Amino acid sequence: MIKKTVIARALAIAFSTAALNVALAPAAFAQSNAAGTIFGRADGGAASIVLQNTDTGVKRTLGTDAGGRYNATAMPPGHYKVELVRDGKVVNTTEVDVIIGQGVEASFSSAQTVQVTGRRNRIDVSNTNNGSTFTAKELSKLPVQQSVAAIIQLAPNTTRADSRYAAGASFGGGGASENAYYINGFPVTNPLTQLGASELPFGAIAQAQVLTGGFGAEFGRSVGGVVNITTKSGTNNWDAGASVSIEPDSLRAKYKNVYYGNTGAKANAATDGTLYQQNDNRQRSEKIVGAYVGGPIIEDKLFMFAALEGRRYDQDRVYGIRTSSNLGATGFESTDDKLQRYTAKFDWNISDNHRVEATLIGDNSKTDRRLYSYDYATGQHGAAPTASQHYKNSADFTPAVGGDVRILRYVGNLTDNLTISALTGRSKTKSYTSYDNVGGANTANLFQVSAASNTRVPGLNYSSPQVLSGAVDNPASESEVKSTRFDVEYKLGSHMLRGGFDNVKLDSSQVGQYYGGGGIWVYQKVDPNAQTDFGTTTGTTAAGGGYGAQGYFVQKRIFNSVTGAGSHQDARYLEDRWQVTKDVLVTLGVRDEGFKNINGDGDTFLEIDHKIQPRAAASWDVNGDASFKVFGSAGRYALQIPTHLAVRGASRSTLTRQAFTYTGTDANGLPLGLVALGGPYSTNNELGQSKDPKSVTAKGLEATYQDELTLGFEKALSADLNIGMKATYRELKATIDDYCDTRLIDKYAADHKIAITNDGYFSCASFNPGRDNTFVVDFQGNKTYSEIHLTAAELGFEQAKRTYTALDLFAEHPLRSGWYGRVNYTWSRSRGNTEGQTRSDNAQTDVAATSTWDNPELMVNAYGNLPNDRKHQMKAYGFFEVTPEWSVGGNFLAASGRPRSCFGWNPSVPRAVNYGSVYFYCDKAVPRSTLGTLPWDIRLDLNLAYQPAFLTGLTAKMEVFNVANKQTAQTIDETYNVNTTAEINPTYGRVISYTAPRAVKFTVEYNRRF
C-alpha cells in the first residue's frame, strides 16, 4: 500500500507549479521525435561516458557533471554499450536499448563491474507520457494484423473508429481525425481529412510508439493521440530476408448475413426481420510478400536499408441488398486490391558527433472493381460484368490512402551540452478514378435511382443500369505536404533547455465529390393528404396529381464539391527539464501554434495566429533506484483544421433538392410526368456560387483545444513483475464547427431594414459553438459588410462539452524466463454533446464541418455517452518461448459495446432548418445514448511459430485471428425515419458492420546475416 504521505508528496510535486502557468513535458522526448535518451549517474566524481552503438559502431563521448550525472539526448534507437572511463581507462561497462521517446538509465555504482540491462528491467523514471512503445521483435512475436491500426489497438485508451470511416482511431475519447502520425519525425497524417496516415512495409518498422496523452511541448496538432514510428536502419553487418504470408479463404469462417431490423411499422411488414444482405457466400483471400536488405556501404560511416512489400486482397461478395431495384446492375462485386509499399533509408555518420539520415517511403494502393448482376433466388451472379472501375488511393475503395514521402534529417552534437537537429521533407498523394464503358449505353450522365422497398408504386420499374452509387470522387486529385523543422537543446547545470520550430504547408487540388451520373432521383411516400415540407413550400402530394394522389413523390438531388484547398501550419516550443533533486525531475515548457486554411480560389478564410499551450509534468523516483515512479502531468493541447474544410465550408459547392409527383417511370427507372411540388432549394444555401472568405468564418475564432490531467505510478514488485495505475481526465474547452442557420442573420437584416439581394449572403460559417460569435455578412454583394454579434444565448447552443475520464491498471511481466506478458484494464467514460471534428452518428466525412452544430434544434438532447465511449476494456498480450525452436503468442480484447442512439425527423422543426432524420427525436424525444449499448466485443488471437535449429533464420508461423469466431456488431443503422417524413426507415436497427470472422494466416520468412 502507498502511504498517504507518498501520495501527498507526489501530488504536490506534480501540480504545485500549475500556478506558474507554464508546462512540464516528458523528459525523454528527443529532437524530431525519432530518437531516445540515455541518462544516468556515476559514483566517484567526474568521469567520461562513452556510448557506442553496437550495430553501427558510432560513438558519442560526454562528461558527467559535478554530481556524476549525464544525459545523452537525440540518440538513434538501437543497442548501446555504455562505458565509464576514468584516466583514459574503461572501469565499468553496461549495455542498454534505446527506445524512441523514452529514456533508459545506465548508471554506475562504485561496487559495479559489468552489467547488461534489458529494456524493461527498470522503470523509465524520466518519462511521464501515457501510452506504449513496441519494438520490431515484440511485433513479430504477437498475433497482430500487419498494420499501424492494429498496433494502435494494443495500447490502452484506444478504440477503433466507426467502421464507416476509411481510417483512424479514437484516442482517449477523441475523434478519429484528432491524431498526429509521424515517421522518422516527419508528419504523414492524411492532409485532406486527417483520417489515418501513410505507412511502411510492416517489416521496416523498428519501433512504434503510441502516445495517448501526457506528451510534451515537442508534440502538437493533436487532442487525441500521437503515433510515432521509426524505420529500421542498416548496420555493420549485411542482413537480408524475405517473407510470404497467405490468409486463404478456405480457412476463413463464413461472414454473417445482415437482416432488417424489426421496426414494427405496418409499411415495413414485408421486410422486418428478413434478409437484408447476403454475406455467407463472401470469399476473401489475402497474400503478402516482402523482402529487405541492409548493411554498410562504408563500414562505421555509411549504411543503407531497403524494404519492399506487396499485398493483394481478392474478394467476391454480394454487393446489393435483397430488396434493391438495381440488382441487375450492381448486385455482385469482385475486387482486386493491390497495395505496394517500399522504404529506403540511408544513414551517414559524418563523424561521431554529426550524422545525416535520408528516408524514402512509398505507400500506394490500387483497386480494380467489377460489378455484376445477382439473383438472390439462385445465389448466382451474371457471367459478364456490368461495370469495370479502377481506383488509386481512394478513401472509399482502396485498402489504404498513402503517398510518396522524402525526408532528410541532420543531427549534430556541437558540444557535450549543445545538440541541434533539422528536418525537411515532402509527401505527395495522387488519387485517380476511372470507369470503363462495359456493354450497353454509356451511363456517365445517367442519374442514379434510390427507391426503398416501401416507396415504390407496384408495377413500375425502379431498376437502373447506373452502376455508380452516391457521391463519387473526382477522377484525379492530388495532395502535397511540405514540412521543415529545427530543434536545439542545451544543458545548463541541472537544467536541460530545449526549443524548436516547425512549418507545414499542405495543398490539395481537384479534391471533393459529386453525385455519380450527375444526380440522384430519390423516391418517397407519405400520407397523400398530409401537409409535407417540400423545402420552399409545404403542401400535399395529392395536389400534384399523378401517383401523388397515393402519396408517392420523388426528389431530384444534385451535389458537387470539387475544388482546391490548402493549409499553412506553424509552431514553436520552449522547454526546461529541471533535475530538482537526484530523484525529482520537473520539466517546464510551452507550445505556440498557428494555422490558416485556404479555399479553392486561393483566399485565406480561417486563421489562428497564436494558440498558447502550457503543459506540466513531474516524475519522482521514489526509492532512488528506478523501482518505483510516481508521475503526473497537466497540459493544454490544440488542434488544427484539415484542408477538407475548404471543400464545402469555403469553396464553391452545390447541394440542392426539388420535389415532384410523377406518373410513371422509364426503362432506366427515371420518373416521367413530373409536376413540381416546390422549387429547388438548398438547406445550407449551397447553390454553386463562390463563397466570400470573410463570411465563411466568424471573427476572432478560438482554436479547438483540450485540457488534460494525469496522475499515476509504476512499481517493480520484483524483477518479474511491474504494476501501475494511472488516472486521466480530459476536457474539451473549445471546438470549431460550422453554423448554417440563416434565421438570426435574416432577422438582423429585417431589423436593420437591409434588403437581401446577394444569393450567397450566408451559407455556413465556421464558429465556436456555445460561445459568443461575430459573423460578417455581405447582404447585397457589394463588399459592404455587416458585423452581426450574436451571444451564445441568442445562438441557442449550450457550451460544447466533451470529457474523458479514465482509470488504467496494468501488470507486466518483463521478458524473462522465456516469456513476456502484459494486461491492461481501463475503466473510462466519454461524455458530452459533441464527438469533436467527426460525427460517428452518421459517419459524416466533412471533418470540422459536420451537421452537429448547424442549428440549435440538432443539439436538443445531444448530451450523453459519446460514440467512442467504451466503459470497460481489457487488453492482454504476450508470448512464450516454449523451447528454442517453438513459441506461442496471444492477443486478447474484451470491450463493452458502443452506446446506442436514435436519430429521427422532428415535425416541430421549422422548414428553414429541416435536415430530415437527424434529430434526437424518434416519435418522441430520445436523448443521446439512452437505448443501451451494442454487445461486448470479445476477441482472442493466437499464433504458433517454429524456428528449426537445422536452418538458422527460417521461421514458419501460423496465426489464428478471432479464434472463437465471435462476430460482434460494431455499428448499426440508427436512422429512424425516411428523410423528412414520419415513415419509419425499414433499415432502422440493422447491423452495418460486424467484426471480421475467424481467419488463419500462414507465414514463412527467412532472415540471413552475412
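In this text the structure is predicted, and so the values were computed from the model without any measurement. (Residues numbered from 1 in each chain as written. Predicted model: local features only at pLDDT ≥ 70, side-chain atom pairs only at ≥ 80, totals over all residues. Heavy atoms only, no water.)

## So, the overall build of the protein chain
Then, number 1: Of regular secondary structure, the protein chain possesses 7 helices and 60 strands.
Then, number 2: Relative to a compact globule of 1010 residues, whose C-alpha radius of gyration would be 30 Å, the protein chain shows 30 Å and is just as compact.
Then, number 3: Seen through its C-alpha atoms, the protein chain measures out along the principal axes to roughly 105 × 70 × 50 Å.
Then, number 4: Looking at the protein chain residue by residue over its 1010 residues, the buried ones come to 59%.
Then, number 5: Summarising the internal contacts of the protein chain: among those between residues at least 6 apart in sequence, 72% fall at separations of at least 24. (Helix = DSSP H or I, 4+ residues; strand = E, 2+ residues; numbered from the N terminus. Rg over C-alpha atoms; globule rule 2.2 N^0.38 Å. Buried < 20%, exposed > 50% of the residue type's maximum accessible area, 1.4 Å probe, protein only. Contact = heavy atoms within 4.5 Å.)

## What to know about the sheet that holds strand β13 (residues 186-187)
Then, number 1: Spatial ordering of the open sheet is given by β9-β14-β15-β12-β13, a layout of 5 strands whose pairing is mixed. The open sheet has two edge strands, β9 (130-135) and β13, and neither has a second partner.
Then, number 2: In this sheet, strand β15 (residues 226-231) lies alongside strand β12 (residues 180-183) in parallel orientation, the contact comprising 4 bridges. Pairing of Ala180 across the sheet is with Val226, part of β15. (Pairing = 2+ DSSP bridges.)

## A word on the confidence of the model for the protein chain
Then, number 1: Averaged over all residues, the pLDDT of the protein chain is 92; the fraction at 70 or higher stands at 95%.
Then, number 2: Residue range residues 112-121 is modelled with pLDDT below 50. Its contacts to residues more than four positions away, or to other chains, number 27 contacts. (pLDDT = per-residue confidence, 0-100.)

## Focus on the state of the cysteines
Then, number 1: Per the counting criterion, the structure on display carries 2 disulfides.
Then, number 2: The disulfide partner of Cys740 is Cys764, and the S-S distance across this bridge is 1.9 Å. The S-S bond linking Cys740 to Cys764 shows a torsion near 115°; that makes this disulfide right-handed. Placement of Cys740 in the loop between β47 (737-739) and α6 (743-751) and of Cys764 in the loop between α6 and β48 (765-767) is noted, with a sequence separation of 24 residues between them. (Disulfide = S-S within 2.5 Å.)

## Focus on the packing of aromatic side chains
Then, number 1: Applying the stated criterion across every chain, the model contains 34 aromatic pairs.
Then, number 2: Plain terms: the ring middles of Tyr391 and Tyr435 are 6.4 Å apart, the flat faces sit at 80° to each other, and that makes the pair edge-to-face. Pair noted here: Tyr391 is in strand β25 (residues 387-392) and Tyr435 is in strand β27 (residues 418-436), with a separation of 44 residues, a long-range link.
Then, number 3: For the cation-ring pair, Lys525 lies above Tyr552, with the distance from its terminal atom to the ring centre recorded as 5.4 Å.
Then, number 4: In this structure, Lys611 is placed above the aromatic ring of Tyr705, and the distance from its NZ or CZ to the ring centre is 3.6 Å. (Phe/Tyr/Trp six-rings, centres within 6.5 Å; stacked < 30°, edge-to-face > 60°. Lys NZ or Arg CZ within 6 Å of the ring centre and 35° of its normal.)

## Here we look at the pattern of salt bridges
Then, number 1: The tally for this structure, following the rule as stated, stands at 59 salt bridges.
Then, number 2: As a salt-bridge pair, Glu218 and Arg498 come within 3.9 Å of each other at their nearest N and O atoms. In this pair, Glu218 is assigned in the loop between β14 (205-213) and β15 and Arg498 in strand β31 (residues 495-511), connecting sequence segments 280 residues apart.
Then, number 3: With relative accessibility at 3%, the residue Arg498 sits in the buried group.
Then, number 4: One salt bridge in this structure joins Lys783 and Asp692, with 3.4 Å as the shortest N-O distance. One end of the pair, Lys783, is in the loop between β49 (773-777) and β50 (786-790); the other, Asp692, is in the loop between β44 (675-676) and β45 (704-718), and 91 residues separate them in sequence.
Then, number 5: A relative accessible area of 13% places Asp692 in the buried class. (Salt bridge = Lys/Arg side-chain N within 4 Å of Asp/Glu carboxyl O.)

## Points about the pairing of strand β2 (residues 48-53)
Then, number 1: The pairing of β2 with strand β3 (residues 59-63) spans 5 bridges and is classified as antiparallel. Bridged to Gln52 within β3 is Lys59.
Then, number 2: Connecting β2 to the next strand, β3, in antiparallel fashion are 5 residues, including Gly57 with a positive phi near 80°.
Then, number 3: Direction of pairing for β2 relative to strand β5 (residues 78-86): antiparallel, over a ladder of 6 bridges. Note that in β5 the partner of Val50 across the bridge is Glu83.

## Some words on the layout of surface pockets
Then, number 1: Estimated volume of the second largest pocket: approximately 460 Å³.
Then, number 2: In terms of lining, the second largest pocket is formed by 27 residues, of which the most central are Asn437, Asn442, Thr443, Ala444 and Val467.
Then, number 3: Contributions of two or more residues to the lining of the second largest pocket are made by α4 (327-330), β25 and β27.
Then, number 4: At 3 residues, β25 tops the list of elements feeding residues into the lining of the second largest pocket. (1 Å grid on protein atoms, 1.4 Å probe; cavity = no way out; pocket = protein on both sides within 12 Å on 5 of 7 lines; lining within 4 Å. Points joined across faces, edges and corners; volume = space filled by probe spheres on them.)

## Section: the UniProt feature "domain: TonB-dependent receptor plug" (unreviewed entry) in the protein chain
Then, number 1: Cross-referencing UniProt, the feature "domain: TonB-dependent receptor plug" (unreviewed entry) maps to residues 131-226 in the present numbering.
Then, number 2: From the first C-alpha to the last, residues 131-226 spans 9 Å; its make-up is 11% helix and 28% strand. (UniProt positions renumbered as here; feature names shortened; annotations may be inferred.)

## A look at the nonpolar core
Then, number 1: Judged by nonpolar contacts, the single largest core of 37 residues is most densely connected at Ile745, Phe762, Phe767 and Phe775.
Then, number 2: With 3 residues, the top contributor of residues to this core is strand β39 (residues 604-621).
Then, number 3: Ignoring sequence-local partners within four residues, the contact set of Phe775 consists of Ala698, Tyr739, Ile745, Phe762, Ala765, Phe767, Ser786, Glu787, Ile788, Leu790 and Leu795.
Then, number 4: Core analysis: the second largest hydrophobic core is formed by 36 residues, Leu142, Ile151, Ala155 and Ile229 among them. (Core = buried A, V, L, I, M, F, W, Y, C linked by side-chain atoms within 4.5 Å.)

## Comments concerning the environment of Ala106
Then, number 1: Position of Ala106 among the secondary structure elements: in the loop between β7 (103-105) and β8 (114-116).
Then, number 2: The class of Ala106 is buried, set by a relative accessible area of 2%.
Then, number 3: Other than its neighbours up to four places away in sequence, Ala106 contacts Ile38, Phe39, Gly40, Arg41, Tyr70, Val82, Thr94 and Val96.

## Considering the pairing of β5
Then, number 1: In this structure, β5 lies alongside strand β6 (residues 89-98), joined through 9 bridges in antiparallel fashion. Note on β6: the bridge partner recorded for Arg86 is Lys89.
Then, number 2: The antiparallel hairpin formed by β5 and β6 contains 2 residues in its connecting segment, where Asp87 sits at a positive phi of about 55°.

## A short note on the sheet that holds strand β1 (residues 36-41)
Then, number 1: On the basis of which strands lie adjacent, the open sheet formed by 3 strands has the order β4-β1-β7 and mixed pairing. At either end of the open sheet lies a strand with only one pairing partner, and these are β4 (69-75) and β7. On average, each strand axis in the sheet is tilted by 20° relative to the strand beside it, whichever way the strands run. (Axes fitted to C-alpha atoms, helices over the stretch in contact; angles between N-to-C directions.)

## Some remarks on the environment of Ala197
Then, number 1: Looking at where Ala197 falls in the secondary structure, it is placed in the loop between β13 and β14.
Then, number 2: Overall, Ala197 belongs to the buried group, its relative accessible area being 15%.
Then, number 3: Along the primary structure Ala197 and Ala400 are separated by 203 residues, whereas in three dimensions their C-alpha atoms are 8.6 Å apart.
Then, number 4: Excluding residues that lie within four positions of it along the chain, Ala197 makes contacts with Tyr181, Val188, Thr189, Asn190, Asp363 and Val401.

## Section: a nonpolar patch on the surface
Then, number 1: A surface patch of nonpolar side chains, amounting to about 500 Å² of accessible area, comprises Trp819, Phe880, Val882, Trp886, Val888 and Leu944.
Then, number 2: Following the sequence through the fold, Phe880 ends up in strand β54 (residues 872-881).
Then, number 3: Given the relative accessible area of 38%, Phe880 is considered partly exposed. (Patch = residues over 30% accessible without salt bridge, like charges linked within 9 Å, V, L, I, M, F, W, Y side chains within 5 Å. Areas by Shrake-Rupley, 256 points an atom, 1.4 Å probe, with all protein chains shown as cover.)

## Topic: unusual backbone geometry
Then, number 1: One non-glycine residue with positive phi stands out, namely Gln194, at about 65°.
Then, number 2: Note on placement: Gln194 falls in the loop between β13 and β14.
Then, number 3: Unusually for a residue other than glycine, Lys753 sits at a positive phi of about 50°.
Then, number 4: Look at Lys753 and you get exposed, because its relative accessible area is 75%.

## Section: the side chain of Arg615
Then, number 1: Along the chain, the position of Arg615 falls in strand β39.
Then, number 2: Within the buried set, Arg615 has no salt-bridge partner at all; the shortest N-O distance to an opposite charge, 5.0 Å, is to Glu593.
Then, number 3: Engagement of the side chain of Arg615 in a polar contact is seen with the backbone oxygen of Gly216, the distance being 2.5 Å.
Then, number 4: Of note is the side chain of Arg615, whose polar atom sits 3.1 Å from the backbone oxygen of Arg636. (Lys, Arg positive; Asp, Glu negative; His and termini not counted. Polar contact = N/O pair within 3.5 Å; in protein donor to acceptor, adjacent residues only side chain to side chain.)

## Some thoughts on the environment of Ala42
Then, number 1: Position of Ala42 relative to the elements: it lies in the loop between β1 and β2.
Then, number 2: Take Ala42: its relative accessible area is 3%, and that puts it in the buried class.
Then, number 3: Linking Ala42 and Arg252, residues 210 residues apart in sequence, is a C-alpha distance of 57 Å.
Then, number 4: Apart from the residues lying within four places of it in its own chain, the contact partners of Ala42 are Gly68, Leu84, Arg86 and Phe108.

## Looking at the side chain of Asn977
Then, number 1: If you trace the backbone, Asn977 turns up in the loop between β58 (969-972) and β59 (991-994).
Then, number 2: For Asn977, the side chain forms a polar contact with the main-chain oxygen of Ala982, separated by 3.3 Å.
Then, number 3: Sequence-distant contacts of Asn977, defined by excluding residues within four places in its chain, comprise Phe903, Gly904, Trp905, Ser917, Tyr921, Ala982, Glu983, Ile984 and Asn985.

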